[in-house]
Amino acid sequence: MFALCNAQVLTDGALADGLAVLVEGDRIAGVFPAATVPGGVARHDLGGAVLAPGFIDVQVNGGGDALFNDAPSVETIRSIGAAHRPFGTTGFLPTLISDDLDVIRAGIAAVNAAIKAGVPGVLGIHIEGPFINVARKGIHAAHKIRDLDEEGIGVLTSLGRGRTLVTLAPELAGAAMIRRLAGAGVIVAAGHTAGTFAEISDGVAAGLTGFTHLFNAMSPLGSRDPCAVGAGLYHEGVWCSLIVDGHHVDAVTLRLALRCKPVDRFMLVTDAMPPTGGDRPAFLLNGRPIATEGGRLVDEDGVLAGADLTMLDAVRRTVATLDVPLPAALAMASEHPAAFLRLDERLGRIAPGYCASMIAIDGGDRISACWIDGQLQPV
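Reading the values: the criteria
Residues numbered from 1 in each chain as written. Predicted model: local features only at pLDDT ≥ 70, side-chain atom pairs only at ≥ 80, totals over all residues. Heavy atoms only, no water. Helix = DSSP H or I, 4+ residues; strand = E, 2+ residues; numbered from the N terminus. Buried < 20%, exposed > 50% of the residue type's maximum accessible area, 1.4 Å probe, protein only. Contact = heavy atoms within 4.5 Å. Lys, Arg positive; Asp, Glu negative; His and termini not counted. Charge placed at Lys NZ, Arg CZ, Asp CG, Glu CD. Pairing = 2+ DSSP bridges. Axes fitted to C-alpha atoms, helices over the stretch in contact; angles between N-to-C directions. Salt bridge = Lys/Arg side-chain N within 4 Å of Asp/Glu carboxyl O. Core = buried A, V, L, I, M, F, W, Y, C linked by side-chain atoms within 4.5 Å. Phe/Tyr/Trp six-rings, centres within 6.5 Å; stacked < 30°, edge-to-face > 60°. Lys NZ or Arg CZ within 6 Å of the ring centre and 35° of its normal. Polar contact = N/O pair within 3.5 Å; in protein donor to acceptor, adjacent residues only side chain to side chain. Expected span 1.5 Å × (residues − 1).

Turning next to the overall build of the protein chain. A count of helices and strands for the protein chain gives eleven helices and 20 strands. If one aligns the C-alpha atoms of the protein chain with their principal axes, the spans along those axes are about 60 × 45 × 45 Å. By residue count, 55% of the 379 residues in the protein chain fall in the buried class. Expressed as a percentage of contacts within the protein chain between residues at least 6 apart in sequence, the contacts between residues at least 24 apart total 68%. Separation of charge centres in the protein chain, based on 28 positive and 40 negative side chains, amounts to 3 Å.

Here it is in structure tokens:
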């Protein structure tokens with residue numbers, strides 16, 4: 001048991017001074033005035049840092065020079081998690097972009113084994129494709145894209161531990177397949193889609209609850225058909241992930257999106273690739289060279305290939321460029337993705353009974369300390 005003291009604690013949507021957070025085992029045992037910490041409990045002085053729930057990133061392709069598609073293994077997952085942890089990520093979904101079903105099977109097996117082995121922070125898997133629309137493929141390899149069939153359904157529903165998030169094109173998968181996935185506990189999101197508003201809305205009615213990197217790789221808002229972007233903004237109950245890196249979406253567009261529906265239905269993601277937290281600015285994706293140009297990751301044709309972005313930078317940019325208050329931006333990186341993953345009864349908040357997965361952000365906007373399930377992690 002220990003108490004975290006002398007911090008601005010994010011609790012109930014605001015930053016509060018004068019509180020202590022008591023940790024016992026892997027859980028938060030209490031949040032109360034620092035003067036009432038029980039005698040004999042070890043105190044950790046955080047020097048006035050912001051104490052927030054750890055960030056939860058539902059779209060992490062890679063980091064630390066590792067790419068999950070290249071080596072879908074427990075060690076790759078461990079390396080990616082370690083690369084993102086110094087930037088506040090305490091929970092994440094290793095993400096596969098469109099690939100052969102054997103690669104997806106290997107990725108699912110690796111995530112299952114990683115969770116069983118207790119690799120810090122692994123919450124499940126994000127399978128982004130291959131059941132997408134080639135017309136909105138972005139950087140995904142066209143020859144990897146396929147229809148969703150019975151074999152695909154079997155693979156997507158095979159994870160034994162953690163959450164499975166699947167990004168697909170609703171207009172191609174169809175409402176019946178979406179309903180089957182949702183009924184099996186899979187979290188379904190629209191992405192890389194050319195769907196009409198009606199087609200996407202049929203998917204929402206069937207159980208689709210998310211939109212992957214809103215605005216990017218999807219049919220845009222139009223005057224005669226609101227399309228996928230319009231559906232994401234119109235349906236208040238679904239979550240939309242945003243890549244706030246200054247490259248994927250203009251700040252004005254993002255500000256307009258935040259006016260369209262409750263902010264608690266938006267969450268930040270990194271869409272991170274190997275250079276994030278790594279040493280090498282270039283890598284190969286499906287055999288194609290990806291280079292860093294002005295902070296953007298692009299192929300030889302200038303097509304965006306994920307991002308070199310951390311969750312901490314995403315929070316900073318959300319505050320600085322979208323005029324979102326810091327508590328709300330922190331929630332977009334923690335509480336909201338926890339709710340999207342249906343883990344909000346144990347993650348995403350600093351409150352009694354919740355997992356003690358927290359971060360301390362010092363005055364220099366760096367992560368000075370990080371705990372996952374009550375265990376202090378190297379940063």
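Spatially, 3-2-1-4-18-19-20 is the arrangement adopted by the seven strands of the open sheet, whose pairing is mixed. Sheet topology places strand 3 (27–33) and strand 20 (375–376) at the edges, where each strand pairs with a single neighbour. As defined by bridge partners, strand 4 (residues 42–53) adjoins strand 18 (residues 358–361) across four bridges and the pair is classed as antiparallel. Its bridge partner lying in strand 18, L51 is registered against A360.

Bringing the sheet that holds strand 10 (residues 163–168) into the picture now. Strand order in the open sheet formed by eight strands is 5-8-9-10-11-12-13-14, with parallel pairing between adjacent strands. Of all the strands in the sheet, just strand 5 (55–60) and strand 14 (266–268) have a single pairing partner and so form its edges. As defined by bridge partners, strand 8 (residues 89–97) adjoins strand 9 (residues 124–128) across three bridges and the pair is classed as parallel. Each residue of the ladder has a partner; that of L96, found in strand 9, is I127. Across the sheet, helix 2 (residues 101–117) touches strand 8 and strand 9, and the angle it forms with strand 9 is around 160°.

Scanning the model with the defined rule gives 15 salt bridges in all. Between R105 and E151 there is a salt bridge; the shortest N-O distance is 2.8 Å. Here R105 is found in helix 2, whereas its partner E151 is found in helix 3 (residues 150–156), with 46 residues between them in sequence. A relative accessible area of 35% means that R105 is categorised as partly exposed. Classification of E151 by relative accessible area gives partly exposed; the value is 42%. Close ionic contact of D313 with R316 constitutes a salt bridge, the shortest N to O distance being 2.5 Å. Here D313 and its partner R316 are both found in helix 9 (residues 311–322), three residues apart, which amounts to about one turn of the helix. Via salt bridges that share partners, D102, R105, R146, D149 and E151 belong to a single interconnected network.

What follows concerns helix 6 (residues 197–206). Along helix 6, the residues that are buried comprise I200, S201, G203, V204 and A206. Taken together, the buried residues of helix 6 touch helix 4 (170–173), helix 5 (175–183), strand 12 (210–211) and helix 7 (227–234). Once helix 6 ends, the next one or two residues include G207, with phi positive near 130°.

Core analysis: the largest hydrophobic core is formed by 93 residues, its most contacted members being F55, I77, L148, L168, F211, F266 and L341. Ranked by the residues each element gives to this core, the list is headed by helix 2, at seven residues. Listed in part, the 19 residues of the second largest apolar core include A49, Y354, A356 and A360.

All right, on to the packing of aromatic side chains then. One pass over the structure, following the stated rule, counts two aromatic pairs. Considering the side-chain rings of F197 and Y234, the 5.5 Å spacing of their centres and the 75° angle between planes classify their relative orientation as edge-to-face. With F197 in helix 6 and Y234 in helix 7, this pair connects stretches of sequence that are 37 residues apart. According to the relative accessible area criterion, Y234 is exposed, its value standing at 57%. Residue placement shows R265 over the ring face of W239; its charged tip is 4.1 Å from the ring centre.

Before going further, it helps to examine the pairing of strand 5. The buried fraction of strand 5 amounts to six of the six residues, a majority that puts the element mostly inside the structure. Here four bridges tie strand 5 to strand 8, and the two strands are oriented parallel to one another. Pairing of V60 across the sheet is with P94, part of strand 8.

Here the focus is the side chain of H140. Summarising the element assignment, H140 is placed in the loop between strand 9 and helix 3. On the accessibility criterion, H140 (2% relative accessible area) is buried. Side chain to side chain, H140 and H192 meet in a polar contact 3.3 Å long. Contact partners of H140, with chain neighbours within four places excluded, come to I97, S98, E128, I132 and H192.

In a regular helix each residue adds 1.5 Å, so 17 residues correspond to 24 Å; helix 2 covers 24 Å between its end C-alpha atoms and thus fits that length. Buried residues of helix 2: L101, V103, I104, G107, I108, A110, V111 and A114, and no others. Where helix 2 is buried, its residues contact helix 1 (74–84), strand 8, strand 9 and helix 3. Just downstream of helix 2, G118 is the residue with a positive phi angle, here 80°.

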